[in-house]
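Examination of the molecular architecture
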Amino acid sequence: MKLEVYKNQEEASQRAYEIIAAELNNNQLHVMGLATGSTPLALYNILVNSDLDFSNVSAANLDEYKGLEASNDQSYAYFMREHLFKQKPFLKTYIPDGTASDAAKECDRYNAILKDHPIDIQILGIGSNAHIGFNEPGTSFESQTQLVDLTPETIEANKRFFESANDVPKQAFSMGIASIMSAKKIILMAFGTSKAEAIRLTVEGSITEDVPASILQNHKDVIILCDEEAASQLKK
Ligand code: GLP
């Protein structure tokens, strides 16, 4: 894994932008895997204000809350429209359907989409418990898209976007760990002290399903872009 530490989110996001721009300009970017949350916001802002053209690039998102319609302003579909797609059109955009009543069928549908759209660059954030997508500690490294139960820790962390913790959905559809690992290139970003322990375990810890992001040590093209706070617990 490569790790680069920047002064702040803005500078790290600028670096992510440059990697994306280089792949796009070399005609190597056909499908992007996208994440939600506060972590990629600065990057999306840079993309929106850039002259990069994504009209020949498709996007597949990592996850979606179970039970939320795409029109719900807490859904990840809504988030992506607001922060990226509205201003920067992509060829096609895919995200699990939070309202699907048959979860198994929805997972199969999304896995088929991912099979048809191999991801060239996957953008990742990380949970404070080192989850990626919504793959919580204990998730099998072999997992494909699945319906997952959110941990109390994740519900607590994400309640800031809802009126109360009770309003946070308890389940989500998420690309699995194996789905994420099949991306050709992965850019993981992490900002703030709340991510420092997760980054330490991801980079310096052993590879274990208790630390979902630790599997990234086995991927041949991963770059972690951190701010100084998120890197503050690393030894070197
Ligand atoms: C959520 C998302 C993840 C995201 C993580 C971190 O649980 N499912 O994809 O990486 O939170 O969120 P944030 O970037 O807001 O810290």
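Placed above this text is the structure.
Residues numbered from 1 in each chain as written. Predicted model: local features only at pLDDT ≥ 70, side-chain atom pairs only at ≥ 80, totals over all residues. Heavy atoms only, no water.

It is worth spelling out the overall build of the protein chain at this point. When helices and strands are tallied, the protein chain shows 7 helices and 10 strands. Whereas a compact globule of 236 residues would reach a radius of gyration of roughly 18 Å, the protein chain reaches 16 Å, a difference of no more than 12%. When the backbone C-alpha atoms are referred to their principal axes, the protein chain occupies close to 50 × 40 × 35 Å. Evaluated residue by residue, the protein chain yields a buried proportion of 53% over its 236 residues. Partitioning the contacts of the protein chain with sequence separation of at least 6, the portion at a separation of at least 24 is 80%. Surface accessibility of the protein chain: about 10,600 Å² in total, with carbon and sulfur atoms responsible for 46%. (Helix = DSSP H or I, 4+ residues; strand = E, 2+ residues; numbered from the N terminus. Rg over C-alpha atoms; globule rule 2.2 N^0.38 Å. Buried < 20%, exposed > 50% of the residue type's maximum accessible area, 1.4 Å probe, protein only. Contact = heavy atoms within 4.5 Å. Areas by Shrake-Rupley, 256 points an atom, 1.4 Å probe, with all protein chains shown as cover.)

Attention now goes to the site of the ligand. In the neighbourhood of the ligand, 13 residues make up the surrounding shell, with Ser38, Thr39, Asp63, Arg160 and Lys195 lying closest. With respect to the ligand, the side chain of Asn158 contributes an N or O atom lying 3.4 Å from an oxygen atom. In the complex, the protein chains occlude 95% of the 390 Å² of accessible area that the ligand would expose alone. In terms of residue class, the shell around the ligand is built from 3 nonpolar, 7 polar and 3 charged. (Near = heavy atom within 4 Å. Polar contact = N/O pair within 3.5 Å; in protein donor to acceptor, adjacent residues only side chain to side chain. Nonpolar A, V, L, I, M, F, W, Y, C, P; charged D, E, K, R; others polar.)

Burial of strand β10 (residues 222–227) is extensive: 6 of the 6 residues sit out of reach of the surface. Where burial is concerned, the two faces of β10 agree: the one with Val222, Ile224 and Cys226 and the one with Ile223, Leu225 and Asp227 are both buried. Summarising the sheet, strand β1 (residues 2–6) and β10 pair through 5 bridges and their orientation is parallel. In the sheet register, Leu3 faces β10, and the bridge partner there is Ile224. In this structure, strand β9 (residues 185–190) lies alongside β10, joined through 5 bridges in parallel fashion. Bridge pairing links Ala190 to Cys226 in β10. Considered for its hand, the β-α-β crossover made up of β9, helix α7 (residues 196–204) and β10 is right-handed. (Pairing = 2+ DSSP bridges. Right-handed = clockwise from strand over helix to strand, strands pointing away.)

A general tendency of soluble globular proteins is for nonpolar side chains to be buried together. In terms of nonpolar packing, the biggest core is built from 33 residues, with Leu124, Ile126, Met175, Leu188 and Ile199 touching the most fellow members. For this core, the elements supplying multiple residues, two or more each, are α4 (103–116), α6 (177–181), β9, α7 and β10. If near-sequence neighbours (up to four positions away) are discounted, Leu124 is found in contact with Ala35, Leu62, Ile132, Ile180, Ile186, Ile187, Leu188, Met189 and Leu216. (Core = buried A, V, L, I, M, F, W, Y, C linked by side-chain atoms within 4.5 Å.)

Read from one edge of the open sheet, 3 strands run β4-β8-β7, paired in antiparallel fashion. The sheet terminates laterally at β4 (63–65) and β7 (146–149), the two strands that pair on one side only. In this sheet, neighbouring strand axes are inclined to one another by 30 degrees on average, regardless of whether the strands run parallel or antiparallel. (Axes fitted to C-alpha atoms, helices over the stretch in contact; angles between N-to-C directions.)

Another aspect to go through is the packing of aromatic side chains. One pass over the structure, following the stated rule, counts 6 aromatic pairs. Plain terms: the ring middles of Tyr76 and Phe134 are 5.9 Å apart, the flat faces sit at 15 degrees to each other, and that makes the pair stacked. Taken together, the positions of Tyr76 in helix α3 (residues 76–85) and Phe134 in the loop between β6 (121–124) and β7 put the pair 58 residues apart, joining distant regions of the chain. Like Tyr76, the residue Phe134 is buried in the burial classification. On the basis of an interplanar angle of 70 degrees and a centroid distance of 5.3 Å, the ring pair of Phe85 and Phe90 is categorised as edge-to-face. Among the residues examined, Phe85 registers a relative accessible area of 14% and is labelled buried. (Phe/Tyr/Trp six-rings, centres within 6.5 Å; stacked < 30°, edge-to-face > 60°.)

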